[in-house]
Amino acid sequence: PEFYRIPVVYYVVRLATNPEMENARNVPTAATTQKQQEFRKTRLKIRGLRPNEEYYFQVGAVNQIGASDWSAPSAAMRTREAPPAQTTPPEVMDTESFAMVLQWREPDCYGNPIELYQVQYSRFPMMLNPVLVKDLKWKPSQSQAAWIEAKITGLEPGSEHYFQVRAKNSVGFSEWSDGSPKVFTR
């Protein structure tokens, strides 16, 4: 392609989440500025976008004279849906002889509401032989906004436990959280 009859040296790309291109940000087309200035392809794979979100794109061309105006914004392009983000490690709010109350931060659900949470526990920090909590009952935390809490029962008194949690939306399960710190039942 040519721009004012002078060959295009490279292309630049930017994106926004609205068709007016407000708060548009430039998209790196290569790892270094020098490599970006050699970008002549007309296809680009962009990583790091949020799942289930619409994006709009514009392209510009650069030659020896300068940069073109930005193209008209593209039609909306939506990224694929995804399972929720990984939750934070659960924190223990209260302990009893046979139970613990856990709390964790609600993960980003990427536009698909959380359907359920699962909690597993182990006697080992590396989560060996984890036990999945059956019929977990969870609710929004009364003490902190955007946190979830659940009471885990049937634990062995006076023993150490490590916990993990994961969330599920209509797309699937998140990764298990990192393990909680060591906690003892009374």
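What you are looking at is a predicted structure, and each value in this text was computed from that prediction instead of being measured.

**Examining the nonpolar core**
The biggest cluster of nonpolar side chains holds 17 residues, and the ones touching the most others in it are Trp104, Tyr117, Val119, Leu136, Ile152 and Phe163. If you list the elements that add at least two residues to this core, you get strand 8 (99-105), strand 9 (116-122), strand 12 (147-153) and strand 13 (160-168). What Trp104 contacts, discounting residues up to four positions off in sequence, is Thr87, Thr88, Pro90, Tyr117, Val119, Ala146, Trp147, Ile148, Ala150 and Val165. If you look at the next biggest cluster of nonpolar residues, it comprises five residues, including Val13, Leu15, Tyr55 and Phe57.

**Considering the pairing of strand 9**
In terms of residue burial, strand 9 counts as a mostly covered element, since six of its seven residues are buried. Inspection of the sheet shows strand 9 paired to strand 13 by seven bridges, in the antiparallel sense. Note that in strand 13 the partner of Tyr117 across the bridge is Ala167. Looking at chain direction, strand 9 and strand 10 (residues 131-132) are connected through two bridges and run antiparallel. Paired with Tyr121 across the strands is Val131, a residue of strand 10.

The rules we used
- Residues numbered from 1 in each chain as written.
- Predicted model: local features only at pLDDT ≥ 70, side-chain atom pairs only at ≥ 80, totals over all residues.
- Heavy atoms only, no water.
- Core = buried A, V, L, I, M, F, W, Y, C linked by side-chain atoms within 4.5 Å.
- Buried < 20%, exposed > 50% of the residue type's maximum accessible area, 1.4 Å probe, protein only.
- Helix = DSSP H or I, 4+ residues; strand = E, 2+ residues; numbered from the N terminus.
- Contact = heavy atoms within 4.5 Å.
- Pairing = 2+ DSSP bridges.

Just distances and angles here, no functional claims.
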